[in-house]
Amino acid sequence: MNQRISDLFVDTFSDDRGLVIPVVPTFGNNDIYPHNILMPGPNDILQTYTKIWKPFIPEAQRHSFEFGGWFYVEVIPDKLAVFSLNTMYFFDRNAGIDDCVHPSEPGYKHFEWLLVQLDYLRTRGVKAILMGHVPPARTSGKQLWEETCWQKYTYWLHQYRDVIITSLYGHMNIDHFLLQDAKDIDMDLIQGLSESSVSTRENMEEELSAQSSANYLKELRDDWAKLPSPVIRKRDTDATKKKNKKHRGKKGKNKLGGKWAERFQLSLISPSVVPNYFPSLRVFEYNITGLEDSRTWVDPARTAQLDEEAPSRNDISGQDDEPDVGELKRRDDSDFETEKKKKHHKGKKGHKKPKNPNLRLPDGPPKHSPPGPAYRPQALTLLGFTQYYANLTYINNDVVEDEDVSSWWWSPWGWNPGKHKGKHPKHDKPQPKEFDFEVEYSTFDDKVYGLDDLTVKSFVRLAHRIGQASKSDKSAVENGVSEVFDEEDEAEYEEEDAYDTNDDDDEEDDEEDDEEDEEDTVDSDEDLEESTKKGKKKHKGKKGKGKKRRKARKTWLHFLNHAFVSTKTQDELKDL
């Protein structure tokens with residue numbers, strides 16, 4: 001099957017001389033047998049896929065791929081590289097691996113390789129997109145990656161935040177996003193100093209049901225309820241509010257990791273083509289400022305032909321000095337294992353192992369370097385995406401005759417699991433319509449999400465708003481607001497202008513209210529007039545928080561609808 005899919009990609013995206021666009025495949029947990037288990041390479045599976053994906057893997061990296069199943073492609077020469085990570089070596093369900101901290105483990109070697117390549121790209125001014133199958137999903141209660149692998153990944157993302165544009169994943173079938181937080185990084189785990197990497201989080205289920213997916217999304221929402229407000233950054237940039245800048249600048253910027261929220265990293269997770277819900281595809285758009293005349297990717301077989309009319313690419317990019325991606329030597333870990341058996345010394349956190357002398361950690365961005373495309377809009381920053389889906393219910397054309405589809409919410413042909421149980425098909429013989437994809441939504445005109453772009457700070461703002469719908473949100477608990485819609489809220493949700501996106505203004509006002517609430521007393525030298533103004537502001541805050549809460553719940557329902565690819569009715573979303 002994988003050979004057949006590979007051949008179809010080649011046939012579809014080739015002319016008579018070969019591929020015309022780059023194709024970057026990646027390993028999934030069901031691409032191997034037994035499922036979920038991939039032993040360290042080289043092995044028969046990696047050798048087989050080296051042959052199947054030969055048209056897609058650069059020749060210089062095929063030996064490296066046989067070793068670990070990882071590679072990258074410069075999709076815009078000397079400008080942008082896309083990395084195919086082998087997340088099977090991070091996956092907690094892979095019984096063939098242990099962790100990412102011992103030098104004998106393939107996950108350890110994977111991060112060594114990634115460090116070398118990202119260092120090389122940084123020296124050349126090339127940016128990177130990371131992609132893989134199993135995402136680094138991690139909540140307060142559940143996770144998909146082995147903990148030391150998650151720790152290293154988050155640390156690598158943070159250190160290379162000037163290079164990495166974003167990371168893209170699948171596997172979970174639900175449309176959502178993740179925010180990795182640099183404050184969760186544990187350097188003792190990364191350096192192998194902790195006694196154990198055992199996590200208190202549970203493994204996620206093998207197959208996520210709608211309810212278990214909803215529970216996972218609720219855990220994400222509850223975690224987002226603890227995010228610092230991103231609105232403070234907006235006020236910090238206003239030079240006319242000197243008092244606010246002095247009073248709130250340190251508080252806001254330190255909590256977010258600076259003006260561009262560099263404390264956080266973003267992972268985008270797309271629903272699947274072979275669906276649990278509806279088949280879907282995602283098309284990204286990015287900033288091409290200054291790239292209009294850049295060379296495009298061409299199949300390696302055409303490189304010699306292009307170089308006849310252009311300077312050698314080796315001369316331009318220094319490719320002769322490229323690190324050897326084809327050879328990652330197996331480390332002799334006998335010394336490390338010997339060190340593990342030596343007497344432990346006692347530190348602040350108890351017994352610790354000695355440092356691994358062979359461990360190399362990535363450097364952060366050069367001093368005074370500007371934020372990368374993941375944070376500040378510039379060339380290669382992701383501007384948005386359009387989500388396409390194939391509405392199988394409509395395409396199958398098999399809705400029962402007595403069904404009142406006009407009453408279905410969100411889409412007149414939305415799928416409702418179990419709705420037709422025990423009923424007969426509409427037609428004696430199948431009469432399907434032509435298979436086709438249509439737009440489900442686009443971040444460019446999704447007024448509820450209101451994303452200006454796909455930078456990290458845009459998603460921090462969105463996550464913070466969704467978090468306000470959580471029972472864990474401090475303001476929600478204090479005001480006694482329930483988690484689900486009541487009848488009055490539901491009527492307002494349906495009648496309210498869905499295109500009202502003035503959330504930032506409301507959040508800014510409410511953030512001021514929150515800060516006022518945090519002050520226990522009024523300074524003794526503060527005059528009565530100022531105290532009266534504060535009292536009025538508190539009164540305004542109670543009213544404003546209710547409006548913010550309703551908008552947060554509207555965004556939460558909208559987020560759930562996208563997560564399940566528009567297959568759930570309003571009542572089903574509320575019941576999840």
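Bear in mind the structure is a predicted one, so any value in this text is a computation, not a measurement.

A. Representation of the overall build of the protein within the structure. Across its full length, the protein carries 19 helices and 15 strands. The 576 residues of the protein split such that 51% are buried. About 28,800 Å² of surface is accessible on the protein, with carbon and sulfur atoms providing 49% of the total.

B. Broad picture of the pairing of strand β14 (residues 382-389). For β14, the buried fraction is high: 6 of the 8 residues fall into the buried class. Relative to β14, strand β11 (residues 280-286) runs antiparallel, the two sharing 7 bridges. Within β14, the residue paired with Ser280 across the bridge is Tyr389.

C. Up close: the sheet that holds strand β5 (residues 127-131). Spatially, β3-β4-β5-β7-β10-β8 is the arrangement adopted by the 6 strands of the open sheet, whose pairing is mixed. The sheet is open, and its two edges are formed by β3 (71-76) and β8 (176-181), each paired on a single side. The average angle at which neighbouring strand axes cross in this sheet is 25°, direction not considered. Here strand β7 (residues 164-169) pairs with strand β10 (residues 264-269) via 3 bridges, running parallel. Along β10, the bridge assignment pairs Tyr169 with Ile269. The sheet strands contacting helix α4 (residues 106-124) are β3, β4 (80-84), β5 and β7, and the helix crosses β4 at an angle near 175°. Running at roughly 85° to β8, helix α5 (residues 147-159) makes contact with β5, β7, β8 and β10 of the sheet.

D. Representation of the packing of aromatic side chains in the model. Overall, the coordinates contain 31 aromatic pairs when judged by the stated rule. Ring geometry for Phe177 and Trp224: centres 4.7 Å apart, planes at 10°, overall stacked. Placement of Phe177 in strand β8 and of Trp224 in helix α7 (residues 210-224) is noted, with a sequence separation of 47 residues between them. The residues Phe177 and Trp224 share a single accessibility class, namely buried. Taking NZ or CZ as reference, Arg138 lies 3.8 Å from the ring centre of Trp150, over its face.

E. How the structure looks around the pairing of β7. Counting buried residues along β7, 5 of its 6 residues qualify, which places the element largely inside the surrounding structure. With 4 bridges connecting them, β5 and β7 associate as parallel partners. Opposite Ala128, over in β7, you have Ile164 as the bridge partner.

F. Examining the nonpolar core more closely. Ranked by internal contacts, the top residues of the largest apolar core, which has 111 residues, are Phe83, Phe177, Leu217 and Phe564. For this core, the element with the most residues is α4, which contributes 7 residues.

G. How the structure looks around the pattern of salt bridges. This model, assessed by the stated rule, comprises 12 salt bridges. Measuring nitrogen to oxygen at the nearest pair gives 3.0 Å for the salt bridge that ties Lys142 to Glu219. You can see Lys142 sitting in strand β6 (residues 142-143) and its partner Glu219 sitting in helix α7, a full 77 residues away along the chain. Judged by its relative accessible area of 21%, Lys142 falls in the partly exposed class.

H. Local environment of a nonpolar patch on the surface. Together, Met1, Ile5, Leu8, Phe9, Phe13, Val20 and Ile21 make up a nonpolar patch on the protein surface, roughly 620 Å² of accessible area in all. Along the polypeptide, Val20 turns up in the loop between β2 (18-19) and α2 (44-52). Owing to a relative accessible area of 38%, Val20 belongs among the partly exposed residues under this scheme.

I. How the structure looks around α5. The end-to-end C-alpha separation of α5 is 18 Å, in line with the 18 Å expected for 13 residues at 1.5 Å each. The element α5 is largely enclosed, with a buried count of 13 among its 13 residues.

J. Looking closely at the sheet that holds β14. One open sheet accounts for 3 strands, arranged β11-β14-β15; its pairing is antiparallel. Taken across any chain shown, the strands that pair with only one partner, and hence form the sheet edges, are β11 and β15 (438-442). Going across the sheet, the axis of each strand differs from the next one's by a mean of 30°, ignoring polarity. Sheet topology places β14 next to β15; 4 bridges connect them, and they run antiparallel. Looking at β15, one finds that Gln387 is bridged to Tyr441.

K. Inspection of helix α14 (residues 456-467) at higher detail. When the terminal C-alpha atoms of α14 are compared, their 16 Å separation across 12 residues agrees well with the 16 Å that a helix rising 1.5 Å per residue should span. The buried count for α14 comes to 12 of 12 residues, which makes it a mostly enclosed element. Considered for burial, the residues of α14 that qualify are Val456, Lys457, Ser458, Phe459, Val460, Arg461, Leu462, Ala463, His464, Arg465, Ile466 and Gly467.

L. Molecular detail of the environment of Val448. Within the secondary structure, Val448 sits in the loop between β15 and α14. Given a relative accessible area of 10%, Val448 falls into the buried group.

M. Quick peek at unusual backbone geometry. Omega for the bond connecting Tyr33 with Pro34 falls within 30 degrees of zero, at 0°, which places this linkage in the cis form. With respect to the helices and strands, the residue Pro34 is situated in the loop between β2 and α2. Backbone torsion omega between Gly41 and Pro42 reads -5°, so that peptide bond is classified as cis. Secondary-structure assignment places Pro42 in the loop between β2 and α2. Of note, the phi angle at His171 is positive, near 70°, even though the residue is not glycine. Within the element layout of this structure, His171 appears in the loop between β7 and β8.

Procedures and definitions
- Each chain has its residues counted from 1, following the order in which its sequence is written.
- Reporting in this predicted model follows two pLDDT cut-offs: at least 70 for local features of residues, and 80 or more for side-chain atom pairs to be given and counted; totals over whole chains, interfaces and linings ignore these cut-offs and use all residues.
- With hydrogens and water stripped out, all remaining heavy atoms of the structure feed into the side-chain values.
- A helix here means a DSSP run of H or I that spans at least four residues, while a strand means a run of E at least two residues long, and both kinds are numbered starting from the N terminus.
- Residue burial is assigned from relative accessible area. The probe radius is 1.4 Å, only protein chains are included, and a residue is buried under 20% of its type maximum, exposed over 50%, and partly exposed in between.
- For every accessible area listed, the method is Shrake-Rupley and the probe measures 1.4 Å; residues are considered covered only by the protein chains on display.
- By the convention used here, strands pair only if DSSP detects at least 2 bridges between them.
- Interaxial angles span 0 to 180 degrees and are taken between N-to-C directions of axes, which are lines fitted to C-alpha atoms, for helices over the stretch in contact.
- Here a residue-residue contact requires only that any non-hydrogen atoms of the pair lie within 4.5 Å.
- Pairing of aromatic side chains here covers Phe, Tyr and the six-membered ring of Trp, requires ring centres within 6.5 Å, and sorts the geometry by plane angle: under 30 degrees stacked, over 60 edge-to-face, intermediate tilted.
- In this scheme, the term charge over a ring applies when either NZ of a lysine or CZ of an arginine sits within 6 Å of the ring centre and within 35 degrees of the ring normal.
- What we call a nonpolar core is a set of buried Ala, Val, Leu, Ile, Met, Phe, Trp, Tyr and Cys residues that are connected through their side-chain atoms within 4.5 Å.
- We count a salt bridge whenever a side-chain nitrogen from Lys or Arg sits within 4 Å of a carboxyl oxygen from Asp or Glu.
- Put simply, a patch holds well-exposed residues, over 30% relative accessible area, that have no salt bridge, with like charges counted together within 9 Å and Val, Leu, Ile, Met, Phe, Trp or Tyr side chains within 5 Å.
- What a helix is expected to span follows from its residue count: subtract one and scale by 1.5 Å.

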